[in-house]
Amino acid sequence: MKNGVWLAILSSFIFSIMNALVKAVSLTIPYSESVFFRSLIGTIIIFIIMKKKKVAFSKTGVPMLMVRGVFGALYLLAYFYTIAKIPLADASILAHLSPIFAVVLAGLFLKEKVPKTLFYILPVVLAGAFMLIKPQEFSSYSMYALIAIGSAFFAACAATSIRYLSSRHHAYEIVFYFLATATLVSIPLMWNQFVIPSPLELFYLICIGVVSLVGQLFLTSAFTHENVIVVEVTRYIGIVFNAFWGFLFWSEIPDGQTILGGMLIIASCIFLSRRRSLEAKVDKLRLNKVAMNTNAKR
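Residues numbered from 1 in each chain as written. Predicted model: local features only at pLDDT ≥ 70, side-chain atom pairs only at ≥ 80, totals over all residues. Heavy atoms only, no water.

Note the following rule: UniProt positions are given in the numbering used here, feature names are shortened, and annotations may be inferred rather than shown by experiment.
An unreviewed UniProt entry annotates the protein chain as DMT family transporter originating from Fictibacillus norfolkensis. Within the UniProt record for the protein chain, the comment given under Sequence similarities (unreviewed entry) is "Belongs to the EamA transporter family."

As structure tokens, this is what we get:
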């Protein structure tokens, strides 16, 4: 197995530990406070890394960096909220809808080609999401599931903005603005419900901040060692890890409808990723052929 794949699996495992810690601490600590500590600790660490690596802050493009930060903050708030309210596996499956949104957003704002396959698999994805939301049994769970889908949308918005910013700014700077913005956004939300954490809860919160940054570093390294599509597909193993923690610590057992809906979503996203990769290769070969013909005529 290639290094990039192992790194992607390791990052998914580390992020699943973060999710389990978030759920454990959410029993007594508000989700906004978890986001605050996660972001504040990450901001401090990434700032120290930037200083050691001598990565300077940009003087231009700051508004777009802030926009990326806001999208990332909204994703964290929505995701941490749903982790606290619904089973880990369910929250993880719905959050993994982000590639579908990302493909659409990249087509709208980055003018990237939208795979024709998307229009065929979209009904399957919607069917899977419908099974997880369970509107026929409408309850508070259904609302939490919708918020989880919202987290996937915000994650896709953040991913799209990162693709735009990556050619203009250092990766550390993009991460810094994300975490710093999330810290600021979470302050007013937790202001009236701040809970002074016990020593154990504070330990959990510190671990959330450190573990999440470690997972991010492994994920970044995975993208440098392996094709983006391969890494995206490999990351779906994180759903298995989350389901394991949910069963081990909270006796969460997905019902048949959730399993079927999850399989539809995962299979659709993997199929879309592979088709997108294949279409990109075909387009590249076509462009190379055109270039060769042009050179031959010269």
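Now that the structure is up, let's keep going.
**Brief notes about the pattern of salt bridges**
Pairs can form between side chains of opposite charge once their charged atoms are near each other. Heads up, the rule is: We count a salt bridge whenever a side-chain nitrogen from Lys or Arg sits within 4 Å of a carboxyl oxygen from Asp or Glu. To qualify as a helix, a DSSP run of H or I must reach at least 4 residues; to qualify as a strand, a run of E must reach at least 2; elements of each kind are numbered from the N terminus. Buried, partly exposed and exposed residues are distinguished by accessible area as a fraction of the type maximum, computed with a 1.4 Å probe on protein chains only: under 20%, between the cut-offs, and over 50%, respectively.
According to the stated counting rule, one finds one salt bridge in the structure shown. For K23, the salt bridge goes to E252, with nearest N and O atoms at 3.5 Å. Of this pair, K23 sits in helix α1 (residues 3-25) while E252 sits in the loop between α11 (237-250) and α12 (256-297), and the two are 229 residues apart along the sequence. Accessibility expressed as a relative area gives 15% for E252, which makes it buried.

**Some thoughts on helix α6 (residues 117-133)**
So the rule is basically this: Helix span is expected to be 1.5 Å times the residue number reduced by one. The bend reported for a residue corresponds to the angle between axes fitted to the seven residues ending at that residue and the seven starting there.
Its 17 residues place the ends of α6 24 Å apart at the C-alpha level, agreeing with the 24 Å of an ideal helix rising 1.5 Å per residue. By the largest-angle criterion, P123 marks the main kink of α6, which is about 30 degrees. Every buried residue belonging to α6 is among T117, L118, I121, V125, G128, A129, L132 and I133, and all of these are buried. Immediately downstream of α6, the backbone of K134 shows phi near 55 degrees, a positive value.

**What about the packing of α1 against helix α9 (residues 199-225)?**
Our working definition: Each axis is a line fitted through C-alpha atoms, and for a helix only the stretch in contact is used; angles between axes span 0 to 180 degrees, taken between their N-to-C directions. Orientation categories follow fixed angle ranges, with anything under 35 degrees roughly parallel, anything over 145 roughly antiparallel, 65 to 115 roughly perpendicular, and all other angles oblique. Two helices that cross are described as forming a left-handed crossing if the nearer one is turned anticlockwise from the farther one by less than a right angle, and a right-handed crossing if clockwise. Nonpolar residues are Ala, Val, Leu, Ile, Met, Phe, Trp, Tyr, Cys and Pro. Charged residues are Asp, Glu, Lys and Arg, and all others, Gly as well, are polar.
For the pair α1 and α9, interaxial distance at closest approach is 8 Å and the crossing angle is 160 degrees. Considering their axes alone, α1 and α9 lie roughly antiparallel with respect to each other. Two packed elements cross with a definite hand, and for α1 against α9 that hand is left-handed. Across the contact of α1 with α9, the residue classes tally to 20 nonpolar, eight polar and one charged.

**Thoughts on the side chain of T181**
Note the following rule: Only heavy atoms matter for contacts: two residues are in contact if any of them lie within 4.5 Å across the pair.
For T181, the location among the structural elements is in helix α8 (residues 171-190). Take T181: its relative accessible area is 5%, and that puts it in the buried class. Beyond its immediate sequence surroundings of up to four residues, T181 is in contact with M66, G69 and V70.

**Some points on a nonpolar patch on the surface**
Test applied: Like-charged residues are merged into a patch within 9 Å and nonpolar side chains (Val, Leu, Ile, Met, Phe, Trp, Tyr) within 5 Å, provided each residue has over 30% relative accessible area and no salt bridge. Note on areas: Shrake-Rupley with a 1.4 Å probe; residue coverage comes only from the protein chains shown.
A surface patch of nonpolar side chains, about 400 Å² in accessible area, is lined by L40, I44, F47, I48 and F57. When you line up the elements, I44 lands in helix α2 (residues 31-53).

**Some thoughts on the packing of aromatic side chains**
Aromatic rings in a pair are described by how distant their centres are and how their planes are angled relative to each other. Where we set the bar: Note on ring pairs: Phe, Tyr and Trp rings are taken, using the six-membered ring of Trp, and paired if centres are within 6.5 Å. Classes follow the plane angle, with under 30 degrees stacked, over 60 edge-to-face and the rest tilted.
Evaluated as defined, the whole model comprises 17 aromatic pairs. Summarising the aromatic geometry, the rings of Y81 and Y144 are spaced 5.8 Å apart at their centres and angled 75 degrees between planes, so their arrangement reads as edge-to-face. Of this pair, Y81 sits in helix α3 (residues 62-85) while Y144 is found in helix α7 (residues 140-165), placing the two residues 63 residues apart along the sequence. Using a relative accessible area of 21% as the deciding quantity, one classes Y81 as partly exposed.

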